[in-house]
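Residue strings, one per chain:
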Amino acid sequence: MRTATKTRTTAETDIELALNLDVQEEATISTGVGFLDHMLTLFAKHSRITLHVKADGDTYVDAHHTVEDIGITLGLCLKESLGDKAGINRYGSAYVPMDESLGFAALDLSGRSYLVFDAELTNPKLGDFDTELVEEFFQAVAFNAEMNLHLRVLYGKNTHHKIEALFKAFGRALREAITTNPEIKGVNSTKGVL
């Protein structure tokens, strides 16, 4: 089983995160940031993984530290659970519509960290959630999972729908990339390592 559990404790946050890439159970998400809870639940559903997240952070300041630290912890768990990445597809991509919005994600579990984020989020807040934190979250995931991640909103009007399309597309692209393929011997790279 490809699993990982991590605890990340700082002066600003206390994060507990566990995932299982091979079994899908109902996600349990409690971050203190309601919009992020919703997005992580969608991500878990569409990536078909088990995800448990419990966070206690200094949300009385704002949600920045909590969102970023959950991204860091998720990235670290993804990296650990994939091990040497033998037999996985490595690449994944997905287009996901959400009403009037269309989101796209493409990723490479290459061991090289990079994020391209192309999304015009015209509404700066959704409830108490600062929408600029979406990019911060994905940057933390990409750099700590050591993945190359490209996210784009092709079009849309509603900021909630745009962000939801990105989280779902990321989940679906990740599922494709982590899926083991019997035709791949070793790692999917001419270098022999990822």
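Now for a quick tour of the structure. (Residues numbered from 1 in each chain as written. Predicted model: local features only at pLDDT ≥ 70, side-chain atom pairs only at ≥ 80, totals over all residues. Heavy atoms only, no water.)

### Digging into the packing of aromatic side chains
Then, in step 1: Under the counting rule described, the total for this entry stands at 7 aromatic pairs.
Then, in step 2: Between Phe 137 and Phe 138, the aromatic rings sit 5.3 Å apart at their centres with planes inclined by 75°, giving edge-to-face as the arrangement. Of the two residues, Phe 137 and Phe 138, neither departs from the other in class, the shared state being buried.
Then, in step 3: Each ring, one from Phe 138 and one from Phe 167, has its centre 4.7 Å from the other, and the planes form 45°; the classification is tilted. Residue Phe 138 is found in helix α3 (residues 133-145), and its partner Phe 167 is found in helix α4 (residues 159-178); the two are separated by 29 residues along the sequence.
Then, in step 4: What makes Phe 138 buried here is its relative accessible area of 0%.
Then, in step 5: Judged by relative accessible area, Phe 167 falls into the buried class, the value being 2%.
Then, in step 6: Members of the aromatic cluster, each reached through a chain of ring pairs, are Phe 43, Phe 137, Phe 138, Phe 167 and Phe 170. (Phe/Tyr/Trp six-rings, centres within 6.5 Å; stacked < 30°, edge-to-face > 60°. Buried < 20%, exposed > 50% of the residue type's maximum accessible area, 1.4 Å probe, protein only. Helix = DSSP H or I, 4+ residues; strand = E, 2+ residues; numbered from the N terminus.)

### A closer look at helix α1 (residues 34-47)
Then, in step 1: The terminal C-alpha atoms of α1, which comprises 14 residues, lie 20 Å apart, in line with the 20 Å expected from a rise of 1.5 Å per residue.
Then, in step 2: Every buried residue of α1 is listed here: Phe 35, Leu 36, Asp 37, Met 39, Leu 40, Leu 42, Phe 43, Ala 44 and Ser 47.
Then, in step 3: Arg 48 lies just past α1 and shows a positive phi near 60°. (Expected span 1.5 Å × (residues − 1).)

### A short note on the packing of α3 against α4
Then, in step 1: Across the interface, α3 lies against α4 with an axial gap of 12 Å and an inter-helix angle of 15°. Relative to α4, the element α3 lies roughly parallel. When you trace α3 past α4, the crossing you get is left-handed. Counting all contacts with α3, which are made through Val 134, Phe 137, Phe 138 and Val 141, the residues of α4 involved are Ile 163, Leu 166, Phe 167 and Phe 170.
Then, in step 2: Within the contact of α3 with α4, the residues separate by chemical class into 8 nonpolar, no polar and no charged. (Axes fitted to C-alpha atoms, helices over the stretch in contact; angles between N-to-C directions. Parallel < 35°, antiparallel > 145°, perpendicular 65-115°, else oblique. Left-handed = near helix turned anticlockwise from the far one by under 90°. Contact = heavy atoms within 4.5 Å. Nonpolar A, V, L, I, M, F, W, Y, C, P; charged D, E, K, R; others polar.)

### Let's talk about α4
Then, in step 1: Under the 1.5 Å per step criterion, the end-to-end length of α4 is 29 Å for 20 residues, consistent within 8% with the ideal 28 Å.
Then, in step 2: Counting buried positions along α4 gives 17 out of 20 residues, so the element sits mostly inside the fold.
Then, in step 3: Here α4 starts with a cap whose side-chain oxygen sits 2.9 Å from the backbone nitrogen of His 160, and that cap is Asn 158. (Polar contact = N/O pair within 3.5 Å; in protein donor to acceptor, adjacent residues only side chain to side chain.)

### Thoughts on the sheet that holds strand β10 (residues 148-155)
Then, in step 1: One open sheet holds the 4 strands; their spatial order is β5-β6-β10-β7, and the pairing between them is mixed. Every other strand in the sheet has two partners, leaving β5 (91-98) and β7 (114-118) as the edge strands with one partner each. Direction aside, neighbouring strands of the sheet carry axes that sit 10° apart on average.
Then, in step 2: In the sheet, β5 pairs with strand β6 (residues 101-108) via 8 bridges, with the strands oriented antiparallel. Each residue of the ladder has a partner; that of Ser 93, found in β6, is Ala 106.
Then, in step 3: Strands β5, β6, β7 and β10 of the sheet are contacted by α4, whose axis makes an angle of about 150° with β5. (Pairing = 2+ DSSP bridges.)

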